[in-house]
Amino acid sequence: MKEKLETIRQQALEEITHAAESEALEQTRVKYLGRKGELTQILRGLSQVAPEERKTMGQAANEIKEAIASALEGRKRELEAKELEEQASRNRADLTLPGRRPRIGHKHLVSQVIEEIVDIFSGMGFQTATGPDIETEYYNFESMNTPEDHPARDLHDTFFVKDGVVLRTHTSPVQMRVMESTNPPVAVVVPGRTFRVDNDASHSPMFFQIEGLLVDKEVNFAELKGALMHFVHSFFGKDTAVRFRPHYFPFTEPSAEMDISCTVCGGQGCRLCKHQGWLEILGCGMVHPQVFRYAGYDVEEVTGFAFGMGVDRIALLKHSIDSIHHLYENDLRFLEQF
Amino acid sequence: MRVSLNWLREFVDIDMSPEQLADHLTMLGLEIESVERLGQDIKNVRVGQIRSIEPHPNADKLTVCQTDVGDGQPLQIICGATNMKVGDKVPTVVDGSVLPGGFKIGRRKMRGVESQGMMCSETELGIGEDAGGLLILPEDVSLGADVVSLLELDDVVFEIEVTPNRGDWAGVIGVAREISASLGEELELPDIHLITSERQQAADVSSVTIDDEELCPRYAGRILVEAEVGESPAWMKARLHAAGVRAINNVVDITNYVLIETGHPLHAFDLDTLTEKRIIVRRAEDGESIRTLDGVERKLDRDVLIIADAKRPVAVAGIMGGEDTEVGESTQNIFLESAVFNPRFIRHGSRSLGLITEASQRFQRGADPAMARYALDTAAALMREYVDTDVLEGVLDEYPSPERPRQVTLRYLRTNEVLGDEVPPHRQSKFIQNLGFETVEETSTASTFRVPTWRHDVREEADLIEEVARLHGYGAIEPEIPKIARRGEDLAPEEMRLRRLREFVVGLGYTECITLAFGNPEDTKAAGLNGGAGDMVTLMNPLSEKHSAMRTSLLPGLLRTCAHNLNHGVDDQALFEMGPVYFPRDNQTLPSQHSRLGLLLTGRRRPAHWSEDDADMDFYDIKGYVEAILEYFGLQPTFRESHQTTFLPGQAAEILAGDKPAGCFGQVAPGASRAYEIDADVFVAELDLDVLLGIPRTPPQYRPSPPYPPYLRDMAILVPRDLPAGDVIELVWENGGELLQDVQLFDVYTGERIPEDKKSLALNLVFQSHEKTLSSNDTQAIWDRIVEQLQERLGAALR
Ligand SMILES: [Zn+2]
């Protein structure tokens, strides 16, 4: 009996090891552990064994049964793995073949840049404001302390719709519209389309500006610098150097232009920065008292700063684009790069 | 403006490198656009004296000169010029010299005779355009002297951008003044030693009358007699050349020289061409005209200020002189003008005549009446010396109401409040004084200053604060992040909604375009839109016909963009633009502006893929996207057929959102495609975002989903071919009762096995209950009712 069990064990393990496929393995299982299997028969026949042997024989038979079951399980996994591998070799995905992609849309670069800039300023507490693209001369020029025949008007080649109505040449008129409709404090950023009669290698007749205005008690030039430097460091990176130099705008006094270290050469001097190491980015200054008077604000009560930047120029600089005209040509091969 | 460093140094001590000075000026607000070094590459050019001139034995047009450069042995030089004589001193290039451009000179043979050097014209020295003859130097220069230092050719020229507020910077003295103020150095303005001739009084020869002192606050003139019009000295030509001005003759050159130095424009008339030798400053009369120095005959009118003699206009005041009274070689007597004109009038005149000159640009910025006199006398003194003329005693100086200097008070505390810095009071007042302001009154908290005549830009305290800030240095102010008190109300809530919509449309696979917001009637009509004269906002001064008006639709821009991309081989396109369109409005100052969303599709439905066949887009693609966007707005629109000529008939729809027209979409008609040179099927949509954003949106209310599984049943019916599928679906819904949860149309079929006038629709009906799992028994009654109604009302038959 004992020998018989041992023979079954050896035979079974042998057959399991040599089973070449699941089918054969299943046959082996049935042969030994099936309802009519050899081992099952023995276990059933235990009742006829002498009681004193029954316990030891039973134990031995059960051990063998477990050993066979475990071997079957092990071999089964091996065979499955082998079969999957065989399947894979017949049907392996080509990782170099393109997947089924949905069509990918792209936000226009100008939109991306506007959103990024607006977000930086809204993080500081500026709200978005807007105004009409077609403006009165009053808002575009006069209220911005640029009366008729002011020499600064020569710098703005203005599109006229009719007498007194123009395509706004900058986003500054929105300053006045906001101040007229709200009391201080005012903290706004104004993205928008602007227009000038200019169409050459570096000018487009339509372009985008972002205006900023902060008016409150005790707003000062140090804060103007702080806000704009924060913007530069967020947008162009922490290592970008910034400088402010005096300039002239009719609607700010003191006025400044802000330069950043050249985005190409980092300040060493190259063609882009005309070997100066600096790139002009925006104009800014403390709001001119005359502008406050137009707005009906008390010039002794409040001070403010304002700034205006060309979105297009900033986009070109950040992404090394050589012409503003790429922006409005809308060539998909261009748009899809951003 | 081009400013020479040597010239600046005549007025102020500068102890820094040109690069440092450029940086210094830039940080003062005089932006330096470029720094150019002159004379750098001229080496070893010396003063030589011609000892003899002999004909060249082998060439008619050449001579053999012996020129002494002070080395004892004269150099033999072959020369092609003819304007020299024995004894003339000329710039002489010796063996091993270098000329501009690094051009090296050595010994060489010319037609068999050795030449040991070269004698130079002004062109060869890079100081002028006259290449015709040798540059003859004054007799008193010393033999062998270095020509570079003699003529100050070794110079640095700064190109300065002068801002419109600072007319005083448009001259060397103004720039020097700024440097002196910033460095705390003295500005050294030389006294003018003008020696006048007593043989006649200016007032006995000529007279000046100002018609309107508003337009001409000051007019000063001097009379110069027996002038020798000729060439200017070499040093002056070199200076003018450095400043970018062409030498003409000594009289004109001196007026230009003084203009550059003082920033004040002068004009010289040939006195003998002035009728009655009189000067009258007046408005032109309608019908008068003048031929200006540029040879152009110009019609004048009441809005142009002129200088006239007793009979006719002789100059457009402050802009350009007349040809008839120009100083030329035959001129003997000169009327030299130095005046101040009203900036606005000059600007106006300059624009209406389309004539922008050095003079007009300066007068537009505001001239300095004090400088007018200084410039006149400086020029007169120079002319006495270099034009060999007598300056008659007396000035014809009409200055009826001398300008009263403005006074402006600066509060020191205010400066520091505005700047956010602590600039000590004594430094503040020192800065202002250095700039030429005089202190009228000073207390511990404030000072009142008298504004100098050249500072038209300083009108109030803020202007003085800027001066303090400039001289203190913008860089010295420590930046600080502003603390902003948050306001409640959102000023442009629609901006955020538009931005989210943009994200959504990009997410649908569309690429955003931004096209120029212009348009024109023809393009507009070509796109099947209204483009009549009154339908568009037109521009008075458009850049081109193409951009003659403002757009009234986004479609022309999208179609043009589509054509551009098709031309560049991009066949599959999904484009959108979000932006404004503009319409004229009666009885309103400003036109109206509306937000629109435009979509364009062409090419394949999906990006090409190796695993499947391509399918081109059709009407139902654009419709699906329109539906998706309307669903984004939470709207259930209705559509009705559109007959807009933009679209192919039968392939177009108008959108109604809550009964309001909210846009249209469809396939572009062949006519429109042709007009935009598009050879492809193109589908477009234009949605009115003002309408869509304006429809009030209530928050969607939660409906619980039924907990029991749905019971699905398909229905296939034959219906008349032209019956809208929507009618079927609507009817099914009407009769579906509470259990009907959804109706999906999953097939539309016409063709084989279907009668010609019929189509087959396949619907999937979804029944679901909140109470139990449904079976066919629970829905049979509803099903039967639906089938019956379909038959009765729509003539449908179950298949
Ligand atoms: Zn650079």
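Cut-off values and rules
- Residues numbered from 1 in each chain as written.
- Chains lettered and ligands numbered in written order.
- Predicted model: local features only at pLDDT ≥ 70, side-chain atom pairs only at ≥ 80, totals over all residues.
- Heavy atoms only, no water.
- Helix = DSSP H or I, 4+ residues; strand = E, 2+ residues; numbered from the N terminus.
- Rg over C-alpha atoms; globule rule 2.2 N^0.38 Å.
- Buried < 20%, exposed > 50% of the residue type's maximum accessible area, 1.4 Å probe, protein only.
- Contact = heavy atoms within 4.5 Å.
- Areas by Shrake-Rupley, 256 points an atom, 1.4 Å probe, with all protein chains shown as cover.
- Lys, Arg positive; Asp, Glu negative; His and termini not counted.
- Charge placed at Lys NZ, Arg CZ, Asp CG, Glu CD.
- Buried area = accessible area lost by both parts, 1.4 Å probe.
- Salt bridge = Lys/Arg side-chain N within 4 Å of Asp/Glu carboxyl O.
- Polar contact = N/O pair within 3.5 Å; in protein donor to acceptor, adjacent residues only side chain to side chain.
- Nonpolar A, V, L, I, M, F, W, Y, C, P; charged D, E, K, R; others polar.
- Donors = N, O, S within 2.8 Å, 3.2 Å for Na, K, Ca; no water.
- Tetrahedral: all angles 85-135°; square planar, octahedral: opposite > 155°, others 65-115°.
- Domains from an automatic or database assignment.
- Pairing = 2+ DSSP bridges.
- Axes fitted to C-alpha atoms, helices over the stretch in contact; angles between N-to-C directions.
- Phe/Tyr/Trp six-rings, centres within 6.5 Å; stacked < 30°, edge-to-face > 60°.
- Lys NZ or Arg CZ within 6 Å of the ring centre and 35° of its normal.
- Expected span 1.5 Å × (residues − 1).
- Core = buried A, V, L, I, M, F, W, Y, C linked by side-chain atoms within 4.5 Å.

Asker: Residues and numbers for the overall build of chain A, please.
Answerer: Of the regular secondary structure elements, chain A holds 12 helices and 10 strands. In summary, chain A has a C-alpha radius of gyration of 41 Å against a globular reference of 20 Å for 338 residues, an excess of more than 25%. Along the longest, intermediate and shortest principal axes, the C-alpha atoms of chain A span 125 × 45 × 45 Å. Taking all 338 residues of chain A together, 54% fall into the buried category. Intrachain contacts of chain A at a sequence separation of at least 6 include 66% that bridge at least 24 residues. Within the structure as shown, chain A displays about 15600 Å² of accessible surface, and the carbon and sulfur contribution to it stands at 48%. Each charge sign in chain A was given a centre, from 38 positive and 51 negative side chains, and these centres are 12 Å apart.

Asker: Please give an account of the overall build of chain B that cites residues and values.
Answerer: Scanning chain B from terminus to terminus reveals 22 helices and 40 strands. Taken against the 2.2 N^0.38 rule, which gives 28 Å for 799 residues, the C-alpha radius of gyration of chain B at 42 Å runs more than 25% over that of a compact globule. By principal-axis analysis of the C-alpha atoms, chain B measures approximately 130 × 80 × 60 Å. Looking at the 799 residues of chain B, the share that counts as buried comes to 52%. Here chain B contributes 80 positive and 132 negative side-chain charges, whose respective centroids are spaced 2 Å apart.

Asker: Go over the interface of chain B and chain A with me, naming the residues and quoting the values.
Answerer: Every contact between the two is made by 102 residues of chain B and, on the other side, 105 residues of chain A. On the chain B side of the interface with chain A, the three residues burying the most area are B:Arg347, B:Tyr474 and B:Ile514, jointly 9% of the side's total. The interface formed by chain B and chain A contains 9 salt bridges. Measuring nitrogen to oxygen at the nearest pair gives 3.0 Å for the salt bridge that ties B:Arg502 to A:Glu115. Across the contact surface, chain B and chain A share 36 residue pairs in polar contact (both at pLDDT 80 or more). No other element matches the 8 residues that strand 31 (residues 573-583) of chain B contributes to the side of chain B that touches chain A. Among the residues forming the side of chain B that touches chain A, the class breakdown is 44 nonpolar, 24 polar and 34 charged.

Asker: Tell me about the coordination of the zinc ion, and name the residues and values.
Answerer: All names here are of chain A. The coordination sphere of the zinc ion, as far as protein atoms go, consists of Cys262 (SG), Cys265 (SG), Cys270 (SG) and Cys273 (SG), spread over 2.2 to 2.3 Å. Angles of 104 to 114 degrees at the metal separate the 4 donor atoms of the zinc ion, which places the site in the tetrahedral class. Read in sequence order, the donor residues for the zinc ion give the motif C-x2-C-x4-C-x2-C. Residue Cys262 is classed as buried on the basis of its relative accessible area of 3%. When its relative accessible area of 18% is taken as the criterion, Cys265 is described as buried.

Asker: I'd love a proper account of the domain arrangement of chain A, names of residues and values included.
Answerer: Each domain of chain A was delimited in the assignment, giving domain 1 (2-91) and domain 2 (109-335). Here the C-alpha centroids of domain 1 of chain A and domain 2 of chain A sit 85 Å apart.

Asker: Any details on the sheet that holds strand 25 (residues 407-411) of chain B? Residues and values, ideally.
Answerer: All names here are of chain B. Spatially, 3 strands are ordered 25-27-26 in an open sheet, and the strand pairing comes out antiparallel. With partners counted over all chains shown, the strands left at the sheet margins are strand 25 and strand 26 (438-442), one partner each. Averaged over all neighbouring strand pairs, the angle between strand axes comes to 30 degrees, with direction disregarded. In terms of strand pairing, strand 25 meets strand 27 (residues 446-450) through 5 bridges, oriented antiparallel. Its bridge partner being in strand 27, Arg411 is matched across the sheet by Ala446. Along the sheet face, helix 14 (residues 461-472) touches strand 25 and strand 27 and points at about 60 degrees away from the line of strand 25.

Asker: Explain the pattern of salt bridges to me, and be specific about the residues and the numbers.
Answerer: Inspection of the entire model under this criterion finds 72 salt bridges over all chains. One salt bridge in this structure joins A:Arg333 and A:Asp331, with 2.6 Å as the shortest N-O distance. The salt bridge involving B:Glu323 is made with B:Arg291; its shortest N-O contact spans 3.7 Å. Note that B:Glu323 is positioned in the loop between strand 21 (320-321) and strand 22 (334-340) and B:Arg291 in strand 17 (residues 289-291), a separation of 32 residues in sequence. Judged by its relative accessible area of 37%, B:Arg291 is partly exposed. What emerges from the salt-bridge pattern is a single network uniting A:Lys107, A:Glu115, A:Asp119, B:Arg499, B:Arg502, B:Glu503 and B:Glu512.

Asker: Give me unusual backbone geometry: which residues, what numbers.
Answerer: All names here are of chain A. Each neighbour pair has its own omega, and for Pro184 with Pro185 the value is 5 degrees, a cis peptide bond. Mapping Pro185 onto the fold places it in the loop between helix 7 (173-181) and strand 5 (186-195). In this model, His275 sits at a positive phi of 65 degrees, which is unusual for a non-glycine residue. Looking at where His275 falls in the secondary structure, it is placed in the loop between strand 8 (252-261) and strand 9 (278-287). Here Ser320, not a glycine, exhibits a phi torsion of approximately 50 degrees, which is positive. Within the element layout of this structure, Ser320 appears in the loop between helix 10 (311-319) and helix 11 (325-329). The class for Ser320 is exposed, based on a relative accessible area of 63%.

Asker: Describe the environment of B:Val148, with residues and values.
Answerer: Topologically, B:Val148 is positioned in helix 4 (residues 147-150). For B:Val148, a relative accessible area of 7% translates into the label buried.

Asker: Go over the packing of aromatic side chains, please, and point to the residues and values.
Answerer: Taken as a whole and assessed by the stated rule, the structure comprises 27 aromatic pairs over all chains. Aromatic pair A:Phe195 and B:Phe518: ring centres 5.6 Å apart, planes at 70 degrees, arrangement edge-to-face. Of this pair, A:Phe195 sits in strand 5 while B:Phe518 sits in strand 29 (residues 518-519), on two different chains. The exposure class of A:Phe195 is buried, given its relative accessible area of 0%. You can call B:Phe518 buried: its relative accessible area is 7%. A cation sits over an aromatic face here: A:Lys318 above A:Phe235, 3.8 Å from the ring centre. The side chain of B:Arg177 reaches across the aromatic face of B:Trp454, ending 3.5 Å from its centre.

Asker: Lay out the sheet that holds strand 1 (residues 2-4) of chain B with the relevant residues and their values.
Answerer: All names here are of chain B. Read across the open sheet, the 3 strands follow the order 1-11-2; overall the sheet is antiparallel. One side of each edge strand has no neighbouring strand; the edge strands of this open sheet are strand 1 and strand 2 (31-38). Each adjacent strand pair in this sheet contributes to an overall mean axis angle of 25 degrees, direction not counted. Inspection of the sheet shows strand 2 paired to strand 11 (residues 155-161) by 7 bridges, in the antiparallel sense. Directly across from Ile32, in strand 11, lies its bridge partner Ile160.

Asker: Break down helix 11 (residues 369-386) of chain B for me, citing the residues and quoting the values.
Answerer: Count 3.6 residues to each turn of an α-helix, and residues three or four apart come out pointing the same way. Residues and elements named next belong to chain B. The terminal C-alpha atoms of helix 11, which comprises 18 residues, lie 26 Å apart, in line with the 26 Å expected from a rise of 1.5 Å per residue. Where burial is concerned, most of helix 11 is hidden: 13 out of the 18 residues are buried. Sitting at the amino-terminal end of helix 11 is Asp368, which places a side-chain oxygen 3.0 Å from the backbone nitrogen of Ala370. Immediately downstream of helix 11, the backbone of Asp388 shows phi near 55 degrees, a positive value.

Asker: Tell me what's going on with the domain arrangement of chain B, and back it up with residues and numbers.
Answerer: Parsing chain B into structural domains produces domain 1 (2-39 + 156-183), domain 2 (43-153), domain 3 (197-398), domain 4 (407-476), domain 5 (493-694) and domain 6 (711-798). Domain 3 of chain B and domain 6 of chain B are separated by 96 Å when their C-alpha centres are compared.

Asker: Describe the nonpolar core, with residues and values.
Answerer: The biggest cluster of nonpolar side chains holds 164 residues, and the ones touching the most others in it are A:Phe121, A:Phe231 and B:Met550. Of all the elements, helix 8 (residues 221-236) of chain A adds the most residues to this core, at 10 residues. Beyond its immediate chain neighbours, meaning those up to four positions away, A:Phe231 contacts A:Ile117, A:Ile120, A:Phe121, A:Leu282, A:Met309 and A:Ile314. Grouped together as the second largest cluster of nonpolar side chains are 42 residues, B:Val225, B:Ile319, B:Ala339 and B:Ala367 included.

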